[in-house]
Amino acid sequence: MDAIFLVKNGKSEIAFERKEMKVLEPSDDEVGVEVEAFGLNFADVMARLGLYKDCPPLPTIIGYEAVGKVIKIGKNIGHVKIGDRVIAFTRFGGYAQYVLTQGVACVKIADDYDIGKALALATQYCTAYYACCVATNVLPGERVLVQAAAGGVGTALVQLCKWKGAIVYGTAGSPKKLEYLKAQGVDFPINYNEKSIDSAIKEKMDVVFDSLGGSDFKKGWNLLERGGRLVGYGAATQTDSKNIFGTLKLGVGFGIYHPVQLLMESKALIGVNMLRIADYKPNTLKYCMEEVVKLAESGIIDPVVGGIYSIDKLNEAHNDLESRKSVGKLGVKW
Ligand SMILES: NC(=O)c1ccc[n+]([C@@H]2O[C@H](COP(=O)([O-])OP(=O)(O)OC[C@H]3O[C@@H](n4cnc5c(N)ncnc54)[C@H](OP(=O)(O)O)[C@@H]3O)[C@@H](O)[C@H]2O)c1
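The structure contained in this document is the topic of the report that follows. (Residues numbered from 1 in each chain as written. Predicted model: local features only at pLDDT ≥ 70, side-chain atom pairs only at ≥ 80, totals over all residues. Heavy atoms only, no water.)

1. Here we look at the packing of helix H4 (residues 123-135) against helix H5 (residues 152-163)
And step 1. Taken N-terminus to C-terminus, the directions of H4 and H5 make an angle of 45 degrees; their axes are 8 Å apart at the nearest point. Judged by the inter-axis angle, H4 sits oblique to H5. The crossing of H4 and H5 is right-handed. Across the interface between the two elements, Gln124, Tyr125, Thr127, Ala128, Tyr129, Ala131, Cys132 and Cys133 of H4 pack against Gly152, Val153, Thr155, Ala156, Leu157, Gln159, Leu160, Cys161 and Trp163 of H5. (Axes fitted to C-alpha atoms, helices over the stretch in contact; angles between N-to-C directions. Helix = DSSP H or I, 4+ residues; strand = E, 2+ residues; numbered from the N terminus. Parallel < 35°, antiparallel > 145°, perpendicular 65-115°, else oblique. Left-handed = near helix turned anticlockwise from the far one by under 90°. Contact = heavy atoms within 4.5 Å.)

Have a look at this one:
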C-alpha cells in the first residue's frame, strides 16, 4: 500500500512524494483501516510550510482523518468490527491507503453516508463540538462571534451554535463567502477585509471563537461581555508572518491577561488543541465523534463539502486551501 509522504517544507509541488508504506499490525487497542479518502485541514498547510510545531520530523505522513473499511482489529476492540465503514481520527498518518489508529478514535458510519461529509465530521466538527458544546456550552440567546466562519471548523461552529439557539456573528474575507454565511444562517455576516470587527460590531459577545490568533484574538477579548468565554483554537494569520519579526508581532498581538482580571470580570480564556484532547482525554474525543455522527445522521448538522480531489490532484487541493479559495471540507480520494 502507498502513502503520500511530506518530504520537504515549501510549495505543495515539491513537498509531497508517493511511496510504499509499512502496513503495521494493530496493537490490542488499535484498528487498521483501508482508506477510501482522507481529509485536508488547514493545519496540513501549516505543516507543509514548516509552521506546525506538532508535526513529526520529515519525512512523515501528515493528515488527521480518513474514511474507510476496518481490515485489522486489536483484541480489546468491541465497538467496531472487520468490514465496518468508519471515520478514523488519525493524529497524523492520514494521507495513506492504510491507517492504524486507536480504537477510541474510530466511529462507525453508514455505508451510504457521503464521503466528504464524513471526513468533515472528524477533525473539523469534533473541534467545533468540543469548543461549542464541551468547553463553552453555548446557551440559547447568547451572542457568539465565529471568526473565519466560512472555513471547515467555522462552518461547523456556525451550525452547532445555531442548533444551540445562539445569535451568530460570523466573519469571512470575500463577498462570495458572505453570501455563503447568510445561506448557513449567520445572523450578522461581516467582511473583515472591508471593516475591522471592532468597528463592525457594537454589541458585546458572550462567546468568541478565534482561529486567527495575534491581534485578532485581542479584538475578540475586547468584545467579550462579563461572563464571556474566548476560545483560541488556531493562528491562521501566522502564515502571513514572513520572518521572525512577523512571528514576534503575532505573539505580542495576542495580548497579556491577568488571572485577577478574569476572576473580577468572570471571563474565561480557553485554549483548544484536539491533539492534546486525543492524547490525554481519548474518551472525550470518542464522545465528541459519536455526538457529531448522531447529529449528522439526524440531519441537525450538515457538513458542506468544498471538493473531493483525486490523489493526483493533491497539490491543487493544498493550493486551493492555502489560497483561501475553498469553502467547507476538502478531501482526497485514492
Ligand atoms: N486547535 C485545534 O485542535 C484545531 C483543529 C482544527 C483546526 N484548527 C485551526 O482552525 C483554523 C481553521 O481550520 P480549517 O481546517 O477549518 O481551515 P479552512 O477550512 O481552511 O478555513 C480557514 C479559513 O481561515 C481564513 N483565514 C484567515 N486568515 C488566513 C490566512 N492568513 N491564511 C489562510 N486562511 C486564513 C480563511 O477564510 P477567509 O478567506 O474568509 O478569510 C480560511 O477559509 C485553522 O487555523 C486551524 O489550524 C485547530
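2. Examining the packing of aromatic side chains
And step 1. Across all of its chains, the model carries 11 aromatic pairs by this definition.
And step 2. Aromatic pair Tyr169 and Phe188: ring centres 4.5 Å apart, planes at 25 degrees, arrangement stacked. A residue pair is termed long-range when its members are at least 10 positions apart, and Tyr169 in strand E9 (residues 167-172) and Phe188 in strand E10 (residues 188-191) qualify at 19 residues.
And step 3. Each member of the aromatic cluster is reached from another via a ring pair, and the members are Phe16, Phe38, Tyr95 and Trp334.
And step 4. Between the NZ or CZ atom of Lys19 and the centre of the ring of Phe5, over which it lies, the distance is 5.0 Å. (Phe/Tyr/Trp six-rings, centres within 6.5 Å; stacked < 30°, edge-to-face > 60°. Lys NZ or Arg CZ within 6 Å of the ring centre and 35° of its normal.)

3. As for the site of the ligand
And step 1. Around the ligand, the structure places 25 residues, and the nearest of them are Lys177, Tyr192, Val272, Met274 and Arg324.
And step 2. For the ligand, an oxygen atom lies 3.4 Å from a polar atom in the backbone of Ser211.
And step 3. Arg324 is positioned such that a nitrogen or oxygen atom in its side chain is 2.7 Å from an oxygen atom of the ligand.
And step 4. When the ligand sits alone it has 910 Å² of accessible area, and the protein chains cover 93% of it.
And step 5. Contributing elements (two or more residues each) for the shell around the ligand: H4 and H5.
And step 6. Three or more residues apiece are contributed to the shell around the ligand by two domains, here domain 1 (2-112 + 304-333) and domain 2 (136-274). (Near = heavy atom within 4 Å. Polar contact = N/O pair within 3.5 Å; in protein donor to acceptor, adjacent residues only side chain to side chain. Areas by Shrake-Rupley, 256 points an atom, 1.4 Å probe, with all protein chains shown as cover. Domains from an automatic or database assignment.)

4. What to know about the pattern of salt bridges
And step 1. Summed over all chains, the structure comprises 19 salt bridges.
And step 2. The partner of Asp54 in a salt bridge is Arg276, and the shortest N-O contact between them spans 3.1 Å. Taken together, the positions of Asp54 in the loop between helix H2 (42-48) and strand E4 (65-73) and Arg276 in helix H11 (residues 274-280) put the pair 222 residues apart, joining distant regions of the chain.
And step 3. The class of Asp54 is partly exposed, set by a relative accessible area of 27%.
And step 4. Given a relative accessible area of 32%, Arg276 falls into the partly exposed group.
And step 5. A salt bridge links Glu65 to Lys329, with the nearest nitrogen and oxygen atoms 2.7 Å apart. Of this pair, Glu65 sits in strand E4 while Lys329 sits in strand E15 (residues 329-333); the two residues are 264 residues apart in sequence, bridging distant segments of the chain.
And step 6. A residue is classified by how much of its surface remains accessible, and Glu65, at 0% relative accessible area, is buried.
And step 7. Among the residues examined, Lys329 registers a relative accessible area of 1% and is labelled buried.
And step 8. Salt bridges sharing partners connect three or more residues here, namely Asp54, Arg91, Arg276 and Asp279. (Salt bridge = Lys/Arg side-chain N within 4 Å of Asp/Glu carboxyl O. Buried < 20%, exposed > 50% of the residue type's maximum accessible area, 1.4 Å probe, protein only.)

Interpretation note: all reported values are geometric properties and have no functional meaning in isolation.
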